[in-house]
Amino acid sequence: MGLYDRYLALRYRLHDADPPAHVAVVITERDLLEQGAYDTLADFFEWAFEYGARRVTVSVSVLDEAVVPTLERELRSVEAPRPVDVRAPGDTERADAPIRISIGLGGKREFAAAVRQIAEAVEAGDLAPDDVDADRIEERLVFDDEPDLLIKTGAERLSDFLIWQSVYSELYFTDVNWRDFRRRDYLRALLDYQDRQRRFGR
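This one's a predicted model, so the numbers in the text were calculated from it and none came from an experiment.

Draft legend 1. Representation of the packing of aromatic side chains in the model. Under the defined criterion, the tally for this structure stands at 8 aromatic pairs. Summarising the aromatic geometry, the rings of tryptophan 178 and phenylalanine 181 are spaced 5.6 Å apart at their centres and angled 15 degrees between planes, so their arrangement reads as stacked. For tryptophan 178, a relative accessible area of 0% corresponds to the buried category. Overall, phenylalanine 181 belongs to the buried group, its relative accessible area being 4%. Lying over the aromatic face of phenylalanine 49, arginine 82 brings its terminal NZ or CZ to 4.4 Å of the ring centre.

Following this line, the structure appears as structure tokens:
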């Protein structure tokens, strides 16, 4: 770790605010085509837990679902310090591992699937319409937790990512492309998060 990284790490550790317990990052399939992209992801996992995160979510947006099986195979093989759950389009099983990866499972699709399950439960008489609320929806989401900090690299649009869960997340956009994302860039995101006063929509 270089001198500047040590300086940022010291600022982070001396800060009064708590670190984000759940950190999410949004990347694209194009990011993963770059040389060293999977090494960056392995490093990111290490940094996240080193600096206080208890859960990490990675959303990989894809334009062509034909690449999903390849991405799924590669992402399952990334070295990680905690157990990993990988979910792709069509998956409905809840992701509960400390590290969770979504490949092309957009927020709209996930939300629509949850609503469809609720409609089926109502039609079957297992759920009363008056009992349908936010908790009932969250029970049926593949990714149920709300990220405290959501990082988007490359300064592009956020994409179709966790539209329900990230409503109160702190968003951090950086011009740094994923292939060039370093420890210092992650520490800058943490410091920016710690300097904010979270209002949770209030």
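Draft legend 2. Examining the side chain of threonine 57 more closely. Summarising the element assignment, threonine 57 is placed in strand E2 (residues 55–61). Within the local environment of threonine 57, its side chain forms a polar contact with the side chain of histidine 22, the two groups lying 2.7 Å apart. Beyond its immediate stretch of four places on either side in the chain, threonine 57 contacts His22, Val23, Ala24, Val25, Arg100, Phe143 and Leu162.

Draft legend 3. Fine view of the nonpolar core. If you look at the biggest cluster of nonpolar residues, it comprises 41 residues, and the most contacted ones within it are Phe44, Phe45, Val58, Leu75, Ile151 and Tyr186. The dominant element in this core, judged by the number of residues it contributes, is helix H2 (residues 37–50), at 8 residues. Formed by 9 residues, the second largest nonpolar core is a distinct cluster that contains Ala24, Val26, Leu105 and Val142.

Draft legend 4. Quick peek at the pairing of strand E1 (residues 22–28). Counting buried residues along E1, 7 of its 7 residues qualify, which places the element largely inside the surrounding structure. Burial along E1 is two-sided: His22, Ala24, Val26 and Thr28 facing one way and Val23, Val25 and Ile27 facing the other are all buried. Direction of pairing for E1 relative to E2: parallel, over a ladder of 7 bridges. Residue isoleucine 27 lies in a different strand from E2, and its bridge partner there is valine 60. Handedness of the β-α-β unit built from E1, H2 and E2 comes out right-handed.

Draft legend 5. Spotlight on the pattern of salt bridges. In this structure the tally under the stated criterion is 16 salt bridges. Linking arginine 179 and glutamate 34 is a salt bridge whose minimum nitrogen-to-oxygen distance equals 3.7 Å. One end of the pair, arginine 179, is in the loop between strand E6 (170–173) and helix H6 (183–195); the other, glutamate 34, is in the loop between E1 and H2, with 145 residues separating them in the sequence. Looking at glutamate 34, the relative accessible area reads 33%, which means it is partly exposed.

Thresholds applied
- Residues numbered from 1 in each chain as written.
- Predicted model: local features only at pLDDT ≥ 70, side-chain atom pairs only at ≥ 80, totals over all residues.
- Heavy atoms only, no water.
- Phe/Tyr/Trp six-rings, centres within 6.5 Å; stacked < 30°, edge-to-face > 60°.
- Buried < 20%, exposed > 50% of the residue type's maximum accessible area, 1.4 Å probe, protein only.
- Lys NZ or Arg CZ within 6 Å of the ring centre and 35° of its normal.
- Helix = DSSP H or I, 4+ residues; strand = E, 2+ residues; numbered from the N terminus.
- Polar contact = N/O pair within 3.5 Å; in protein donor to acceptor, adjacent residues only side chain to side chain.
- Contact = heavy atoms within 4.5 Å.
- Core = buried A, V, L, I, M, F, W, Y, C linked by side-chain atoms within 4.5 Å.
- Pairing = 2+ DSSP bridges.
- Right-handed = clockwise from strand over helix to strand, strands pointing away.
- Salt bridge = Lys/Arg side-chain N within 4 Å of Asp/Glu carboxyl O.

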